[in-house]
Structure formats: C-alpha cells, structure tokens
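Report on the structure
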Amino acid sequence: MKVFKKSSISYILLVFTGLLLAACASKKKSDKKVSFMKNLTAHYNIYYNASVLLQSAEDEVRDAYKDDFNRRLEIFIVPNQNNADAGSDKLNEVIAKANRIALEKYESNWVDDAFLLLAKAEYYKTNFFNAAEYFSYVSQNFPKDQANTVDALVWHARSLFALDKNKEADSVLQRAYQMNVKRHRSELNAALANSYLLQNKLPEAETHLRKAISFSKNRYSKIRWSYILAQIQEAKGDIESAYSSYGKVVKSNASFEMSFNANLSQIRLKESANGAQFDKIATLHKMLKEDKNKEFKDQIFYQIGAAYEDKGKLDEAISFYQVAAHTEPGSQQQKALSYLRLAEINFDTLRNYSQAQLYYDSTLQTLPKEYPSYKNVSLMAQNLQYLADRLTIITHERELLTLADMSEADREDFVKQKIKEETIVASTNDNTSNIPGFNPTSNSLQTKSSGTFYFDNTTAISQGINEFKKKWGDRKLADNWRISAGVSNASVDHNIAGATVPLNLPQNNTANIDSLRANFLKQVPTTQAQKDISLNKIKNARYEIAMFYKEQLNDNEAATQELEQALSDYKLPDPKVAEIYYQLYRLYSEINTNKSDFYRQQLIKHFPESVYAKTLINPDFGKEKEAEERRLSNQYESIYNLVQGKQYKDAISQISGMESRLQSFPQQASRFAYLKALAIGYTEKPGVFVNELQNIQKRYPDDTLINGQIKKQLAFIENNKNAFYNRSTALISYDPNEIIPPLVKNKVNDKPVVVPDVPKEKQTPAPKALPAAKETQLAGKETPKTAETPLKTLEQATENIPAVEEVKAVKEPEKPKLINFSNNIRIRHAIVIDVKNVTINVAKPFAALTKHFYSNFAPGSVNLTIRTIDSSDKLIIVKGPFLNKDQAEKALAEISPSLAEILGLKKGEYETFVISDPNLLLINNTESLNQYLNFIK
C-alpha cells in the first residue's frame, strides 16, 4: 500500500476545497439554493465545452470570410451562407449543449451564459432573427449580471445591423453605453463606430474606433480595426494619420493579404503624406517582381494605372487598367473594378460613350450582384445601351441602303463575302482560344517591367497596344464585342463609314447560313417606299442620339454635331427642321453667339408661326399661354358645375361664346365640345346628340381620348337603337349615373421639347448615373406649366348613356389580390407555430423546440427560424427532413400535446399548421398569412 506524503494530501484537499467553493459560490447573487453538482456540471461539463466549440466555429467562419480591400472593411464580420457552412456542425453542437443548460440546468447560475451561446451560434448560422430574439431575452431577463447584459446588447445590435435595422441597433447601443460597464468596452465602442459609419459620421466613428482599439485585448480585432481606422482617416482627408495607421498594420502580425493592401495604400499615400517626391510607379514595378505578390499582380497593375492617371497620362493608364482586367490569376472583383475604371474614363474624360457602354457591360459580367454599386453600374449600362442601339440602327440601315444601290449579283457577292470573312474570324478566335497555354494576357507576358525580350517589357507592350489602336481601333480580344468597332460618338456618319453589323453566324450549319443569307437579303429596301422607311429610321435615330447627348449626357458639343448633321436629313418645310433650329439656337447661345443668331434668324424666317419662333419673338409667350390655359381650366370647372346643376342652356351658351379663344388650344377645345355635346344631349332629341358627337370626331380626329369615348358611345347607341331613339331626350336628366368628363391636362401641341425615351430604373442615382430625362426650357425660362384641373372620372360609354335607369353603384374598396397557393402535398413541407402576439419574446420556448427537434432528427437536417409578420404575428418555422405533407404533420402531432406548456401560452394565443416550401415564400404580410389560413380550412 502506497503511503502519501502529508504535503500531497494537503494539496489534494486544497484542490477539492477550491472546486467546492467554485461550484457552490454563485457566479452572481441568486435567491435560489443551487446544488453543487448542477453548477459544477453546467459549468465544466457543458458550458466550457460549448464555449470551446463556439470559438472554434468562429475561427472557421472568420477564415472562410473573404475581405474586399477595395472597399472599407466591415468592423464585424457578418457571416453569410458561404462562410457560415464552414462551422455549421460545431454550431449545431453548441446549440445542443447550451440547450441542456437552458432547459435542464435552469436552476444553475449559467442559464444566461447558455442563452448567450445559443444566440451567438444562431448569429453565426446567419439566423439573425433568432439571434436577436435570444439576445433580447438575455438583456431583459438577467439584469443582475451587467457584463452579460452589455454583451447581449452589443450582439443584439450586431444582429440588427445584419438585418439592416440600423436605427434600432443604434438605440440598443446607446442603452448599453449609458450603463457605463467596464466589461466589453472594446466591442461596444466598435459597434458604436459601426453605427456612426452607417450614418456617415466619420469623426464620431474614428473616436469610438480608437477607443475600441485601445481597450481590445484581441490581436485579430486590434489589427483589423487599425486597418479600418486608416481607411476612415483617408476618407476624412487626414492623409498623414492614415499613412501612419496603415504603417502600423504593415508592421503588425497581420495576414499577408491585409499587410499587402496596407503597404499598397501606403505607396498610394506616401507622396501626399510626406510632401516629398516619390516614384510610386517604380515602387509598384518592384512589387511585381516579388514572388510573394504573384497572387495580387492584378491589383498592382491597377495601382500603376491609377498612378499614371494621376499624372494625366491616360494612354498609359488605360493600358495598365486593361492589363489588370486580363491578368491571371486574378480576382473577378478586381477584373470588374478595372473594367469599371475604363468605363468611367471613356464616359467622363474621353466622352467615348460607345466604348464606355462596352466596358460597363463587361463590368456587369464580372461584378458580384451584391456589390454596393452594382445597381448604379447597371443603370449606366442600360442608359448607354439606348445610345448603342441607335448607333446600330444607323449602321444597319446605311448598309442596307448601300446594298440597295447594287445589282442583284453584286448584292449576292457582298453577302457571301461578308459571311466568309466572319467565318474566318470566328474560326481564328476558336483556334486561338484552344491553343494549350496560350493566354495573351498571362502573367508571363505582363508581370515584368524590364528586360530585353519584348514580351518581358510592359512599356514595350504598352507602346504596341497604342500602335495597334492607332491602326485598328480599340478592339478587344474578347469580352462582349457586341456592336461595330467603328462606332464612336464624334459623328454618326464618321462612325458608320465602313462599319458593318455582324450577322451572328451559326456554326457548322450550312442550311442555317443559307437561311440567314436569304433573310438578310430580304431586308434590303428595293422600292422607294422601303428606302424611305430606312431613311426615316436613320433620321429618327440620329435625332434621338443628338437629344440623348444633350439631355442625358450633357455633352453639348456632340449634340450640336449630330443636330447639324441631322439638318441634311430633313428638308424644308418639314416641321422637324424648326425643332432642330431651336435646339441649335439654344446649344450655341453660350459657346458661339454668331451661330446662335444664325439659327434664330432661320427659325423666324422659315417658321414664323411655330411656337419656337413665337417664343423667341415674344419672351412672355409661354407665360401668356400658361395663363390662358389656367383661365380655360377655371372656366371649364365653372361650366362643369353648371351642367351638374342641370343649367344646360347656360353651359351651351358659354361654350359657344368661347369658340374663337379655343382655336389656339385644340385639345382643350375638343373637351369643351364634348361637354357641350353632353349638355345638348340632356335637352335635345337623340339625333341631334349623335350629330354633335360625329362632328367632334371630324373636327378633332387627333384627340384619342375623346374619340375613344365617342366611339364607345356610338357603338352602344348602334346596338340599342330602338330603346335610345325612343327617348324624349338623348340623355336622361335625372339619371344619377351621368358623369361629365374633365378637362384633361395637356401641354401645347408643338412644344419645343422632344425627349428620348431613355430606359430608367427606380433606383437611387449613383454619383455617375445619368440624370433623368428633363424638359427643355423655352428661351432659358421655365416651360409653361398647364393649369391644374380637378380630377374627375370619365366613366365608360355604357354608364354615360344607360338604357334604363339604374341606382348609383357604391364603389367598393379594392379587394386584396388573391394568392394562388399550391395544393402539392408531395413536396417538402415545414411546420409553423404562429404566435398571435408579436411582442412576446419566444427565446425560451424556441430553445425548448430546438432541443426537441435536435433530439428527434439529425441537427444538421433541421433548421428553426423566427419571423415577424408585420406588427401582428411571430412565426416559429421548423424546416426539416419532411419530404411531404404527411411527414410534417406527423412531426407536428408528436409535439402538439406539450406545445402549450412549452410556449407558456393558451391555445387561442397561437396556431399551428404545415406549409409547403413554395407556399411559405408567399407569406410576407398579415394579409397573405390570413389568406393561407383560410386556404387550409
């Protein structure tokens, strides 16, 4: 038998006493007596292991997260589906362990810690609603532990940030800040910095981020936040501080990618920060030679391009941006940003809009859709597509007109030759792309800045690119070459000289090529009428391009060139010439007064009666017209009231006395005439009323609104002749259904404005997005506004002329659109528990439900989420291995007997049902939820 020394026995007793005290002593004050074993097992057997697992899962999510150093980094990594999957198994295990404490060891002192683990695990699983519910539960139900309360509030705010509920998040953080607790100060200040960044309050964000860095003991967070601090300082214009902060990151133990980008930023800022001359380009070329930077060469090429652009050397900048876009290996996002910069240079500086459109299009092919500026880039591409489409129309129609002047044999030869040339080009491209190892933009050809071999010298490559462009134009090797290479914005005729539209040949299909040739030849205009149609397409496209330059791109120089070219398309006395004269007069008024005066005189000489000439002769012409329209509107309202008051003769008399005034306002005149016809209808026989309607049709054939109404009325009369013509008056004066049409707002017919129908998106405009189409102002003044007219309904013809007297119908409120739910029961279904009070916190029952389903199914196959529906319902949705409706109903039936106890609610306070995945997608508000509940009854 082994004899222990007295000191060893003392040591064992000391350790045992320590464990006893640790277990018995409350982690916080508690009113309940808790058993030693519950605290001991809750802490060491469960909580500690779950914490270790959570930390490991956090590390995996962090390692899987890909930072975008072209933008300001996120202060907190927000998990997404891509990086959340990295630690999903461990997170499920954390939830299972934490649930044991929350539900089985609920008398222990570790319940709030368990709920924090649950919440953080849900956060990293991207279940932000679930996480917010848990964090809210902890902060509201465990006030004695202030450290955990602050931790819960900070994470609650992070969950709300992830849900884009920024105002709610800021409110939660302010509550935490007011508690003035020393624990979690770094995370709290970092969260406050994040809130201020979202409000674009950079000074406040910088202050709190500095505090977060000073309080933090986490090396990873300190380095990350230091990098973000540098970005904020750079955005503020504090270049010296930013340079210093980037330097701290470079000297730290940061990841290589972060250190590389910090170094790149320092190079970019060095000259401005130190005020000394610095060869930025040479330094960047040195970085290209270092093997450690081989994965980031696309970024280095981009920075070289930016450096050349700063020096005003656009040719070199463009060359290096192009190299950056084609460097392999390289990131798709950097490729997109290189294309985007090329697009912006072509749009803003070179004003080469066709080329800009191609680069914007290429940007969209590679830029991730979740990128912040994606919608703005899409808007630019769509607007410039409007220009590209019209340039293509001109090119195509010009080519067809050229073919029209050829003999039939020459035409056939031309098309055959074109097909042959395009076949050779397509074959060459295919063969080149299939050569093993061939990549004209590979690193082996691009990444060396010097050397005797031509392709080792980027300067020589740049010169070669420029020489190629001088001879052949700015042709791209691949990447969305969708319209003619010859098209540019300087002049349409210059652009289309020699340009052709590709035939889009099908490959290896002779029958299809023959069909394509035949279809192309059919488009050739052989008759004069067909040629006139082609010429009109060119004329319209050219004018629309000119107005696009003027109204959308604010490029007056290009607009004047196109408008002067358009004058050769239109001949006097075409009214379009007056419009072009007027636009040229306006455009030249600020840059060339002689030309402006010339077009002014031409307009007055050839079109003295046009609204354009009248506007130039009398600057108050627009105001006078606007005032008269307003007077007419008021008078229409007055006569309208006379008719409604059954004072028909007075109404007819007043309208008859206005005929001379109304001659200058044909569209208003047609509405007065129609109002007069209705008054006559109430006092005269049907035949007189019909004659009045027919006269309006003849006098105002261009008014589609009134004529459409009259056609319906005459058709009704024709179908009900006997009943209608037997009336004593055409319209029954006491009929409550009679509704009189309003004077519809309209502008003068020959207004000096033609705005192209440019495609627009309902998105917040980007800094470089095109402005919305706007009306041209008359002679530098506001275009006259039409007087406001009270809106009244113009009823259908069958209501205006009823066959029998009817009771006036009461308009019912618009019914919600019925949703077409699916009846398919053989697809995946989910279980839904609908808590009827959205204010109830369901964190504790949610934990119990999670434990139940994790116990009965593999944790990885089950996902529980919380969703709020408007301000009425809170749904707990359980998705699992329920492949059909029966399986979901069986799983629901197993838990239903104990559900009221789990939820702590009475049966009327919640409802359960199963729903297929497609139907669940349709539930997005209270109305859709109610419709589904009625659907399954």
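First, a word on what this report is: a plain description of the structure on this page. (Residues numbered from 1 in each chain as written. Predicted model: local features only at pLDDT ≥ 70, side-chain atom pairs only at ≥ 80, totals over all residues. Heavy atoms only, no water.)

Structural notes on helix α17 (residues 332-349)
Applied cut-off: Secondary structure elements follow DSSP: runs of H or I no shorter than four residues count as helices, runs of E no shorter than two count as strands, and numbering proceeds from the N terminus. Helix span, expected: 1.5 Å multiplied by one less than the number of residues in the helix. Using a 1.4 Å probe on the protein chains alone, a residue whose accessible area is under 20% of its type maximum counts as buried, one over 50% counts as exposed, and one in between counts as partly exposed.
Given a rise of 1.5 Å per residue, 18 residues ought to cover 26 Å, and the 25 Å separating the end C-alpha atoms of α17 matches this to within 8%. Within α17, 15 of the 18 residues are buried, which leaves it mostly tucked inside the rest of the structure. Arg 351 occupies a position one or two residues after α17 and carries a positive phi of about 55°.

Regarding the packing of aromatic side chains
The test is simple: Here the aromatic set is Phe, Tyr and Trp, taking the six-membered ring for Trp, and pairing holds for ring centres within 6.5 Å; pairs whose planes are under 30 degrees apart are stacked, those over 60 apart are edge-to-face, and all others are tilted.
According to the stated counting rule, one finds 36 aromatic pairs in the structure shown. Note on Phe 115 and Tyr 134: the rings are 5.9 Å apart at their centroids and 45° apart in plane angle, and the pair reads as tilted. With a gap of 19 residues between them, Phe 115 in helix α5 (residues 111-124) and Tyr 134 in helix α6 (residues 128-141) connect regions that are remote in the sequence. Judged by relative accessible area, Phe 115 falls into the buried class, the value being 0%.

Points about the sheet that holds strand β3 (residues 873-879)
The criterion, for reference: A pair of strands is treated as paired once DSSP finds two or more bridges between them. Only the stretch in contact is used when a helix axis is fitted, and all axes are lines through C-alpha atoms; the angle between N-to-C directions ranges over 0 to 180 degrees. Between two residues, a contact is recorded if the distance between any of their heavy atoms is within 4.5 Å.
The antiparallel open sheet is built from 4 strands, whose spatial order is β2-β3-β1-β4. Pairing within the sheet leaves two strands with one partner each, and these edge strands are β2 (863-869) and β4 (910-916). The mean angle between the axes of side-by-side strands here comes to 25°, regardless of whether they run parallel or antiparallel. Where β2 and β3 come together, 7 bridges link them in antiparallel fashion. Each residue of the ladder has a partner; that of Thr 868, found in β3, is Lys 874. Lying over the sheet, helix α41 (residues 926-935) contacts β1 (829-835), β2, β3 and β4, oriented at roughly 80° with respect to β4.

Concerning the pattern of salt bridges
Test applied: Here, a salt bridge means any Lys or Arg side-chain nitrogen found within 4 Å of an Asp or Glu carboxyl oxygen.
Using the criterion set out here, one finds 30 salt bridges in the structure. Here Lys 676 ties to Glu 659 by a salt bridge, and the two come within 3.9 Å at their closest N and O atoms. Pair noted here: Lys 676 is in helix α33 (residues 666-683) and Glu 659 is in helix α32 (residues 659-662), with a separation of 17 residues, a long-range link.

Here's the deal with the packing of helix α10 (residues 202-215) against helix α11 (residues 219-236)
What counts here: These descriptions rest on fixed angle ranges, namely under 35 degrees for roughly parallel, over 145 for roughly antiparallel, 65 to 115 for roughly perpendicular, and the rest for oblique. Note: crossing handedness is left-handed where the near helix turns anticlockwise from the far helix by less than a right angle, and right-handed where it turns clockwise. When residue character is reported, Ala, Val, Leu, Ile, Met, Phe, Trp, Tyr, Cys and Pro are called nonpolar, Asp, Glu, Lys and Arg charged, and the others, Gly included, polar.
Contact geometry of α10 with α11 gives a least axis separation of 10 Å together with a crossing angle of 160°. Comparing their axes, α11 and α10 come out roughly antiparallel. Every pair of crossing elements has a handedness; the one defined by α10 and α11 is left-handed. Across the interface between the two elements, Leu 202, Pro 203, Ala 205, Glu 206, Leu 209, Arg 210, Ala 212, Ile 213 and Ser 214 of α10 pack against Lys 222, Trp 225, Ser 226, Ile 228, Leu 229, Ile 232, Gln 233, Ala 235 and Lys 236 of α11. Of the residues assigned to the contact of α10 with α11, the class counts are 11 nonpolar, 3 polar and 4 charged.

Describing the pairing of β4
Burial runs high along β4: 5 of the 7 residues are buried. By the bridge criterion, 7 bridges tie β1 to β4 in an arrangement that is antiparallel. Each bridged residue has a counterpart across the sheet, and for Ile 833 the counterpart in β4 is Thr 912.

Comments concerning the environment of Glu 133
Secondary-structure assignment places Glu 133 in helix α6. Spatially, the C-alpha atoms of Glu 133 and Ala 119 are 7.9 Å apart, while their sequence positions differ by 14 residues. Every residue in contact with Glu 133, bar those within four places of it in the chain, is listed here: Ile 840, Asn 841, Val 842, Ala 843, Ile 866 and Lys 874.

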